[in-house]
Protein chains: 2
Amino acid sequence: MNMDLLNKTINAIKGQDKAIRTQAKERLDQLIMPHWALGRMMDLALDLAGICGTVRPTVERKTIVVMAGDHGITAAGVSLFPKEVTVEMVRGFVNGFAGINVLAKQAGATVKIVDMGVAGDLTELAKRGNIIDQKIAPGTANFAVGAAMSREQATEAIEAGIRVAHELADSTDLFGTGDMGIGNTSPSSAMVAAFCQLPVAEVVGRGTGLDDAQLEKKIIILEKALVLNHPDPADPIDVLSKVGGFEIAGIAGLILGAAAAGKPIVIDGFISTVGALLAGRLAPKSKEYMIAAHRSVEKGQLAALADLGKEPLLDLQFRLGEGTGAAVAMNLVDGAVGILTEMATFSEAAVSEAK
Amino acid sequence: MNMDLLNKTINAIKGQDKAIRTQAKERLDQLIMPHWALGRMMDLALDLAGICGTVRPTVERKTIVVMAGDHGITAAGVSLFPKEVTVEMVRGFVNGFAGINVLAKQAGATVKIVDMGVAGDLTELAKRGNIIDQKIAPGTANFAVGAAMSREQATEAIEAGIRVAHELADSTDLFGTGDMGIGNTSPSSAMVAAFCQLPVAEVVGRGTGLDDAQLEKKIIILEKALVLNHPDPADPIDVLSKVGGFEIAGIAGLILGAAAAGKPIVIDGFISTVGALLAGRLAPKSKEYMIAAHRSVEKGQLAALADLGKEPLLDLQFRLGEGTGAAVAMNLVDGAVGILTEMATFSEAAVSEAK
């Protein structure tokens, strides 16, 4: 198996520039306000300086990459919506009237859709632009009865995400992740259960709106699937291939590619955080490039965030995905850069300091 | 005492349009996503429709009004910064390099500064624009030794805020509140203690950064001041005049004026929330126009928010004031309007609905 691109990318991730972080901290300590009075936005400013390797980072050109893929596990009845909705939602993204279109526009971000493995033909739709074709297969296999994908496909899918990051890096200062894939809370929960060695019931939520009985059924299906596939938590590719998804792999690849290019990347909700968990297991230093956007309603995200050591910026009770939380959080990234680069220090402003 | 403007304004506040809220809810229920999957932004969209009286509200023209005033209580040693910093910070706002300038710019909002009672001459600075003169007096009296202001001044100050709202309403779709006034967490805490009948220690915080001993001193000063002044919680003007501040009165007036004009108003942190508490006590229906921006580090805000029945949108560990939290939250208001007015419904998009 050729893993050159993946290994090269992992090796290229340097981590934040500590000297620049120190310089940024010195400036932020002296801004005209009580010390650190803009709290988490100042922590964020430090990260942005460290990631971008400059005390004057730019985040003007924003790209939200929505990774789309389908899931064989929907055949087991884990979702309220039929698989066909994935294609229909991608059409919505292209037409520009879905949640992510509206919130990306508000944040001044461009939306790119990547077909990582949609179970439908997007050729006609792709002619209208904005869809990047990286299709590995038309949906994963049903991991209730076997592996979701082969080991080769798992690596290929991550590398596809890396290639997307490379392609966009020259025109992007700030990346955001997003996902679309009916049924994708199931592989996400299974991956968290496997990586974090937690009982399925602790990491499964209602997805698009399951009732109690449907939720119970989802838990049992995932418990059985994990016993059947027995993913090895120490082997990220094994976890991905056995119980993962193509769009989750694409998100992980996008994060690795962004990190290797020295770009900050805003991580959306549950599915994206699982992609981040995978990226973090493959390349621990990639965590230094991640900005956790929001706390999802899906409880499996909690364990993934804890594993990554991240506290999300927002808690708006979102459970949509698509990159919607990442889009909203991009406004805070803009603000953080403004604080670092546009505010005056006490001495610049000649304002009396605290006694 | 002439309270015509105040009474007229209170009587003009109608509350949200329930029929329009219902119409907005019907549309939001059908948007192309799992039901209510953008959570609190959809709740916010409902409020905006109800406030603006239309299912197609506009929030494009944003104005953040920073009410500035000084406090005689600083003579008692309740703040780390000298009173002179109020003027210096107002100079910072005019020069455009303070926190509020940066975050308002990011949100696309205009900043207006109102001199409600700064203890310094702003005439020269005012020539450079952006300062509205409504000065009641050069700072309040020290309420550690007597009332902060007269009953007449209290009413005048609220009416000054109402006039500012009237003046700006024609060019403003969305208001935001802000404050500047060295020492103003002290009157704010005293007002919350008085209105909510809570022990001072439960509603006092570290302000610009007091240590434990300084905090203890602040609590004792405020406890004594409340015993001395004995404000009547059932009489909002009494509470304001005895232990309040001019800028807090101005914020309350701004909120009442915005509500009477049918405009939504984003409430910043602790000081602004106390202004909102005062407005809510004067005119309970004004609460329907308030959007709570963020949870402040100052713990006194909690009781004020609970009294208003508001849950803030953000928690970014801000403790600056100036309207900085309101500015950041305006991005979410923009997003909420986008969701209501730009997303498609399932039938418009012809996407399969949930089973």
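Residues numbered from 1 in each chain as written. Chains lettered and ligands numbered in written order. Predicted model: local features only at pLDDT ≥ 70, side-chain atom pairs only at ≥ 80, totals over all residues. Heavy atoms only, no water.

### A few points about the interface of chain A and chain B
So, point 1. The partner chain B presents 52 residues to the 52 residues of chain A that form the contact.
So, point 2. For the pair chain A and chain B, the summed buried surface comes to about 4,400 Å²; carbon and sulfur atoms form 69% of the total.
So, point 3. Across the contact surface, chain A and chain B share two salt bridges.
So, point 4. The shortest N-O distance in the salt bridge between K105 of chain A and E342 of chain B comes to 2.9 Å.
So, point 5. Of all elements in the fold, only α3 (39-52), α4 (85-95), α5 (99-107), β8 (314-318), α15 (324-342) and α16 (346-349) of chain A reach the threshold of two or more residues within the side of chain A that touches chain B.
So, point 6. The biggest single contributor to the side of chain A that touches chain B is α15 of chain A, with nine residues.
So, point 7. When the residues that make up the side of chain A that touches chain B are grouped by side-chain class, the tally is 31 nonpolar, twelve polar and nine charged. (Contact = heavy atoms within 4.5 Å. Buried area = accessible area lost by both parts, 1.4 Å probe. Salt bridge = Lys/Arg side-chain N within 4 Å of Asp/Glu carboxyl O. Helix = DSSP H or I, 4+ residues; strand = E, 2+ residues; numbered from the N terminus. Nonpolar A, V, L, I, M, F, W, Y, C, P; charged D, E, K, R; others polar.)

### Some details on the relation of the copies chain A and chain B
Note: a rotation about an axis with an accompanying shift along it relates these two copies of the chain.
So, point 1. When chain A is fitted to chain B, the residual RMSD is 0.0 Å, and the transformation amounts to a turn of 180 degrees plus an axial shift of 0.0 Å. Look at the turn and shift together and you get a two-fold axis relating the two.
So, point 2. Residue by residue, 100% of the interface of chain A is reproduced at the interface of chain B, so both copies engage with the same surface. (Least-squares fit on C-alpha atoms with pLDDT ≥ 70 in both.)

### A closer look at the packing of aromatic side chains
Geometry of an aromatic ring pair is reported as the spacing of the ring centres plus the angle between the planes.
So, point 1. Within this structure, the stated rule accounts for two aromatic pairs over all chains.
So, point 2. Residues F81 of chain A and F346 of chain B carry aromatic rings whose centres are separated by 6.4 Å and whose planes lie at 20 degrees to one another, so their mutual orientation is stacked. Taken together, the residues F81 of chain A in the loop between β1 (62-69) and α4 and F346 of chain B in helix α16 (residues 346-349) connect one chain to another. The pair F81 of chain A / F346 of chain B is uniform in exposure class, with both members buried. (Phe/Tyr/Trp six-rings, centres within 6.5 Å; stacked < 30°, edge-to-face > 60°. Buried < 20%, exposed > 50% of the residue type's maximum accessible area, 1.4 Å probe, protein only.)

### Let's talk about the pattern of salt bridges
So, point 1. Enumeration over the complete set of coordinates arrives at 28 salt bridges over all chains.
So, point 2. R21 of chain A is the salt-bridge partner of D47 of chain A, the closest N and O atoms lying 2.7 Å from each other. Separated by 26 residues along the polypeptide, D47 of chain A in helix α3 and R21 of chain A in helix α2 (residues 18-29) bring together distant segments of the chain.
So, point 3. A relative accessible area of 24% means that D47 of chain A is categorised as partly exposed.
So, point 4. A residue is classified by how much of its surface remains accessible, and R21 of chain A, at 24% relative accessible area, is partly exposed.
So, point 5. Of the charged contacts, one joins D334 of chain B and K62 of chain B as a salt bridge, the two residues approaching to 3.0 Å between their closest N and O atoms. One end of the pair, D334 of chain B, is in helix α15 (residues 324-342); the other, K62 of chain B, is in strand β1 (residues 62-69), with 272 residues separating them in the sequence.
So, point 6. Residue K62 of chain B is classed as buried on the basis of its relative accessible area, which comes to 6%.

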